[in-house]
Amino acid sequence: IHFYKRDRMPVLKAVILIAGPQKGTRFRPLSLDVPKPLFPVAGLPIVQHHIEACVKVKDLKEILLLGFYPSNEMSTFVAEMNSIYKVNIRYLQEFAPLGTAGGIYHFRDQIRAGNPDAFFVMNGDVCADFPLEDMLAFHHSKDNAVATILGTEATRQQSVNYGCIVEDKSTHAVLHYVEKPNSYISTMINCGVYIFSPDIFPMLQSVFNSKQTEYLTSSEGNDSCKRETIWLERDLIFPLAGTNTAFLYETTNWWSQIKTAGSAIYANRHYLALYNKTNAGRLTKEGKNSPKIIGDVFIHETATVDPTAVLGPNVSIGKNVKIGAGARIRESIILGNSMVGENTLVLYSVIGWNSSVGSWSRIEGTPDDPNPNKPFAKMENSPLFNVSGQLNPSITILGSNVVVPSEVMLLNSIVLPHKELGGSYKNQIIL
C-alpha cells in the first residue's frame, strides 16, 4: 500500500495580548466599568477591530486572546465574537501578569495545537489600519524568517518613547532593536504587531529555563511570578536582531496606541474614516427623519436621536442613547444608555455609560492630537498634570452614572463615576 503525503492546507493563528485589570490605569475612569480592550471605539470594542483585521486573513483558523482579566469579564464578548465571525475565538486567562511573552510561553501548547505555519501576535492597545495580509506575504517571502515586525516611521523626538528598530535597508533584516532607548537610535518604531514562526518556542523555552535558574540561585525570595515573566521585546526581539531571522515590514498606514482616555477620541476618528473603505454600511447616512450628519458618524440602531440634532464629524453614539432636540455633538463618544439634553453642546468629550447631561449645557475638551505640521508625528501621551501640578488641557471625560445639570459648562475636566455636579467646572478632576 502506498501512502501519499498530501500537501496540507496552511494553518495560521493569531494571538492578541490584552493584559489585565492592573494595567490600563491611564485609561481611567473609562476602564473602571469595562476592561480596556472592550471599550467601544467607533461602535466596536477596541479588540474587535483586531479580530476584524484577523478574520480577513486567508487560512487563519483561530484567534486566542491572552490576558489576566477574570474569564467571566470576557465570556460574553468571546461568545458574541464566535457568533459573528467564522473563526474559532477563545480567551486564555493567565494566572498572573506574565509579561508580553510569558503568556505565549505559558499557553504554548494551545498556540501550537494544529501545527500552525505561523501566528500573528498583536498588542491589544494599538489601533491601526492593520496590513496583516501584506505583512504575511512579506514574511513568507523570506526563507529564514522567524519573526516579522510591523514598523512605522516616527519623529526623532518621539521615537525614544517606543521600541526602535535599525534595519538593513536592502534585505529589511532587523540589525538592532532597543526598547525605549535613552538616546536617539532610529525613527523606525515597533507597532506591536508581529508574525512568528513556531521556531520561537525553543527560544522561549531557553529564556524560561535561564530565568528559573536565576530565580533558584538568587538569595532574594523574589515574587515567584517574576520567574515566569518573559518580555517579547527584551527577551525575544532583542536577541533575534542581527541574526538575519527577524525582518521589518514597514507600513505608512495609520497607527496609534490607545494609552490614555484622550487617545480614544483620536482612534475613534480614524476607525470611522476606515469604515469608508472597509464597511461603509456602518456609518450613518443623512435621511429624511435623521439628524443632520456631518462627516463620519456611527449611531447604534437602538439609539434615538432627535432629527433637529446635528452630529459629526467623528461621533460615535452607543446603545440606547437619547439625544435631545437641537443638540450639537462633534468629535465625541457617547456611551450606552446615556442622555444628552436639548440644545446641549458636546465637543471632544467622552460621555460615560448611564450618564445624563441636562439642556443648554456645554461639555468641552481639548484634543491631544499629533502635531499636524510634523510628518510622522504620533499622539503625545502626556501626563495628567504638568510640572507645576496643574491639570494639562485634555479631553473631557464623564465616568459612568454621572449627572450634569442644565445650563452649566464643563471644560477640560474629568468626572469620576456616580457624581452629580452642582455647577460649572473647568480644568478639574472631580472626585
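Residues numbered from 1 in each chain as written. Predicted model: local features only at pLDDT ≥ 70, side-chain atom pairs only at ≥ 80, totals over all residues. Heavy atoms only, no water.

A. Representation of the pattern of salt bridges within the structure. Using the criterion set out here, one finds 13 salt bridges in the structure. Between R112 and D109 there is a salt bridge, and its shortest N-O distance comes to 3.6 Å. Within this pair, R112 and its partner D109 are both found in helix α4 (residues 108-112), separated by three residues, close to a single helical turn. Across the pair K259 and D125 runs a salt bridge whose closest N-O atoms are separated by 2.6 Å. Pair noted here: K259 is in the loop between β13 (255-257) and α9 (261-278) and D125 is in the loop between β6 (118-123) and β7 (126-128), with a separation of 134 residues, a long-range link. (Salt bridge = Lys/Arg side-chain N within 4 Å of Asp/Glu carboxyl O. Helix = DSSP H or I, 4+ residues; strand = E, 2+ residues; numbered from the N terminus.)

B. Structural view of the layout of surface pockets. In this structure, the largest pocket occupies an estimated 1,200 Å³ of space. In terms of lining, the largest pocket is formed by 48 residues, of which the most central are T100, N123, D125, W231 and K259. Listed by contribution, the elements that provide at least two residues to the lining of the largest pocket are β1 (12-19), α3 (99-106), β10 (174-179), β11 (188-196) and β13. When its residues are assigned to classes, the lining of the largest pocket shows 19 nonpolar, 17 polar and twelve charged. The space that makes up the second largest pocket amounts to roughly 720 Å³. Along the wall of the second largest pocket there are 28 residues; nearest its centre are L38, P40, G43, P45 and K319. (1 Å grid on protein atoms, 1.4 Å probe; cavity = no way out; pocket = protein on both sides within 12 Å on 5 of 7 lines; lining within 4 Å. Points joined across faces, edges and corners; volume = space filled by probe spheres on them. Nonpolar A, V, L, I, M, F, W, Y, C, P; charged D, E, K, R; others polar.)

Any functional reading would require information that these geometric values do not contain.
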